[in-house]
Amino acid sequence: EQSALSAWVAGGGVLFITGDIYNKTSYNSFGSGFGVGNFTDASGAVAIVGNHPLLNGVTSLAGTTYVSFTHGADAKLLATVANKPFAAVLDNTSGYAGGGCVLVVGDHNIFTQGFVANGNNTQFLQNVVAWVNTCAGAPNNNGTPCTLDSQCTNKFCVDGVCCNNACAGGASDCLTDSRPSTGH
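Bear in mind that the values here come from a model prediction, so they are computed numbers and not experimental data.

Analysis parameters
Residues numbered from 1 in each chain as written. Predicted model: local features only at pLDDT ≥ 70, side-chain atom pairs only at ≥ 80, totals over all residues. Heavy atoms only, no water. Helix = DSSP H or I, 4+ residues; strand = E, 2+ residues; numbered from the N terminus. Buried < 20%, exposed > 50% of the residue type's maximum accessible area, 1.4 Å probe, protein only. Contact = heavy atoms within 4.5 Å. Areas by Shrake-Rupley, 256 points an atom, 1.4 Å probe, with all protein chains shown as cover. Salt bridge = Lys/Arg side-chain N within 4 Å of Asp/Glu carboxyl O. Pairing = 2+ DSSP bridges. Axes fitted to C-alpha atoms, helices over the stretch in contact; angles between N-to-C directions. Phe/Tyr/Trp six-rings, centres within 6.5 Å; stacked < 30°, edge-to-face > 60°.

Draft legend 1. Structural context of the overall build of the protein chain. Assigned secondary structure in the protein chain consists of three helices and nine strands. In the protein chain, the succession of helices and strands from N to C terminus is α-β-α-β-β-β-β-β-β-α-β-β. The burial tally for the protein chain puts 42% of its 184 residues in the buried class. Partitioning the contacts of the protein chain with sequence separation of at least 6, the portion at a separation of at least 24 is 51%. Within the structure as shown, the protein chain displays about 8,400 Å² of accessible surface, and the carbon and sulfur contribution to it stands at 53%.

This is the structure we're talking about:
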């Protein structure tokens, strides 16, 4: 299984690992080929600590059964719980050169019906969907998170959002415009 996961990611695929307090051995197996492991129970509030398009509009995440994990130097830490890793990404912004992308989040519950409305979980989930499309090589539609012009359908990534033009900044900024995808 691990060799198939590694081949998938090396071929440009996306792996999304959501941890839980049960069956941590499986999570260690899924993550081992990417330098992610040692999943352990954790408690406390989740703190956002990174800067990444996955975190656009996200200031808090809230779930129920948290785990932390260890990760390699090519992962970018996004959030912690009890000062230990809770969310990390391996992609072109983190120095990961494995072909595709990997996202690790220490609680699958933040994406379930009972918790998706808590904190900024819904926004985070929307960002994850946009990021998966970006990492998989599909261009983003206007208004979705990006890090490079090449990730956008119209080839304009302005302030971390795909726009239909370069946007002039100030009142024309894609993030402050009432219509973020238009850039005017």
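Having put the structure on the table, let's press on.
Draft legend 2. Up close: the pattern of salt bridges. Overall, the coordinates contain one salt bridge when judged by the stated rule. The partner of Lys24 in a salt bridge is Asp41, and the shortest N-O contact between them spans 2.9 Å. Here Asp41 lies in strand β2 (residues 37-41) and Lys24 lies in helix α2 (residues 24-32), a separation of 17 residues in the sequence. Look at Lys24 and you get partly exposed, because its relative accessible area is 22%. Take Asp41: its relative accessible area is 47%, and that puts it in the partly exposed class.

Draft legend 3. Structural view of the sheet that holds strand β3 (residues 46-48). In spatial order, the strands read β1-β7-β6-β5-β3; together these five strands make up an open sheet with mixed pairing. The outermost strands of the open sheet, each flanked by one partner alone, are β1 (14-18) and β3. Taken over all neighbouring pairs, the strand axes of this sheet differ in orientation by 20° on average, direction set aside. Across five bridges, the pairing between β1 and strand β7 (residues 101-105) is parallel. Each residue of the ladder has a partner; that of Ile17, found in β7, is Val104. Contacts from helix α3 (residues 121-135) reach β1, β6 (84-90) and β7 within the one sheet, and its direction differs from that of β7 by about 160°.

Draft legend 4. Fine view of the packing of aromatic side chains. On inspection of all chains with the given rule, the structure shows six aromatic pairs. Taking the centre distance of 6.3 Å and the plane angle of 80° together, the rings of Tyr27 and Phe30 count as edge-to-face. Placement of the pair is Tyr27 and Phe30 together in helix α2, with a separation of three residues, close to one helical turn. A relative accessible area of 15% places Tyr27 in the buried class. Their ring planes at 45° and their centres at 5.7 Å tell us that Tyr27 and Phe39 sit as a pair that is tilted. Of the two residues, Tyr27 sits in helix α2 while Phe39 sits in strand β2, which places them twelve residues apart along the sequence. What links up through ring pairs into an aromatic cluster is the set Tyr27, Phe30, Phe39 and Phe69.

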